[in-house]
Amino acid sequence: MLQPIGGLIEESDTVSESFLLICDDQPHDAVLTDPGPEAIEVVKLLHRRTGLSLWCCKSLVSQLPATILENVPEEVATALVDELREAGACAHAEVKR
């Protein structure tokens, strides 16, 4: 939905209008902060959910904190965070700014 900000500005023969884009669903990131005691299970879960190779997933887990998913809807980010927590990892979803 576009809403005008600043209204109409009249300059000589042209009229310009400014708009601010308002989005109801802000993008979120899923961030892994600690793999927990079962790091191999977290690597397997990341492989299944992201489609990355096992090597890439292991690399992500060894370089923490790691952003696993970027610019996704809140539901997708929180679903992955919940699965990571069930596997024993520490993770959180944050609003992308």
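Remember, predicted model here, so these are calculated numbers, not experimental data. (Residues numbered from 1 in each chain as written. Predicted model: local features only at pLDDT ≥ 70, side-chain atom pairs only at ≥ 80, totals over all residues. Heavy atoms only, no water.)

Peer 1: When you look at the nonpolar core in this model, what are you seeing that I'm missing?
Peer 2: The tendency in soluble globular proteins is for nonpolar side chains to be buried side by side. Of all hydrophobic cores here, the largest spans 19 residues; its most connected members are Leu32, Val42, Leu46, Ile68 and Leu84. Once residues lying within four places of it in the same chain are set aside, the contact partners of Leu32 are Val42, Leu46, Val61, Leu64, Pro65, Ala66, Ile68, Leu84, Ala89, Cys90 and Ala91. (Core = buried A, V, L, I, M, F, W, Y, C linked by side-chain atoms within 4.5 Å. Buried < 20%, exposed > 50% of the residue type's maximum accessible area, 1.4 Å probe, protein only. Contact = heavy atoms within 4.5 Å.)

Peer 1: Where do I start with helix α1 (residues 39-50) in this structure?
Peer 2: Three or four residues apart is the spacing at which side chains of an α-helix point the same way, because the helix has 3.6 residues per turn. For α1, which comprises 12 residues, the first-to-last C-alpha distance of 16 Å matches the rise-based estimate of 16 Å (1.5 Å per residue) to within 8%. If you follow the buried residues of α1, they end up packed against β3 (28-34), α2 (54-62), β4 (66-72) and α3 (74-86). At the exit of α1 stands Gly51, carrying a positive phi of roughly 80 degrees. (Helix = DSSP H or I, 4+ residues; strand = E, 2+ residues; numbered from the N terminus. Expected span 1.5 Å × (residues − 1).)

Peer 1: Help me out: how do you make sense of the pattern of salt bridges in this one?
Peer 2: Charged atoms that come close allow side chains of opposite charge to pair. Taken as a whole and assessed by the stated rule, the structure comprises 2 salt bridges. A salt bridge links Glu41 to Lys44, with the shortest nitrogen-to-oxygen separation between them at 3.7 Å. Highlighted residues: Glu41 and Lys44, both in helix α1, separated by 3 residues, approximately one helical turn. Glu41 sits in the partly exposed class, given a relative accessible area of 34%. On the accessibility criterion, Lys44 (38% relative accessible area) is partly exposed. Glu83 serves as the salt-bridge partner of Arg49, at 2.2 Å between the closest nitrogen and oxygen. (Salt bridge = Lys/Arg side-chain N within 4 Å of Asp/Glu carboxyl O.)

Peer 1: It is not clear to me how the packing of α1 against α3 should be interpreted in this structure. Could you clarify?
Peer 2: Angle between the axes and distance between the axes are the two parameters that describe a pair of packed helices. The contact between α1 and α3 brings their axes to 10 Å, and the two run at 155 degrees. In terms of axis orientation, α1 runs roughly antiparallel to α3. In this structure, α1 crosses over α3, and the sense of that crossing is right-handed. In contact with Val42, Leu45, Leu46 and Arg49 of α1, α3 contributes Val76, Ala79, Leu80, Glu83 and Leu84. In terms of residue class, the contact of α1 with α3 is built from 7 nonpolar, no polar and 2 charged. (Axes fitted to C-alpha atoms, helices over the stretch in contact; angles between N-to-C directions. Parallel < 35°, antiparallel > 145°, perpendicular 65-115°, else oblique. Left-handed = near helix turned anticlockwise from the far one by under 90°. Nonpolar A, V, L, I, M, F, W, Y, C, P; charged D, E, K, R; others polar.)

Peer 1: What is the right way to read unusual backbone geometry from this model?
Peer 2: Most peptide bonds are trans, and most residues other than glycine sit at a negative phi. In this chain, Leu64 is followed by Pro65 through a cis amide linkage whose omega measures 0 degrees. Topologically, Pro65 is positioned in the loop between α2 and β4. A positive phi is found at Asn71, a non-glycine position, where the angle reads about 55 degrees. Along the chain, Asn71 falls in strand β4.

Peer 1: Sorry, what's going on with the packing of α1 against α2 here?
Peer 2: Interaxial distance between α1 and α2 falls to 9 Å at its minimum, and their mutual angle equals 125 degrees. Considered as vectors, α1 and α2 are oriented oblique to each other. Considering how the two elements wind past one another, α1 and α2 form a crossing that is right-handed. Across the interface between the two elements, Val42, Val43, Leu46, His47 and Thr50 of α1 pack against Leu54, Cys57, Lys58 and Val61 of α2. Among the residues making up the contact of α1 with α2, the classes are represented as 6 nonpolar, 2 polar and 1 charged.

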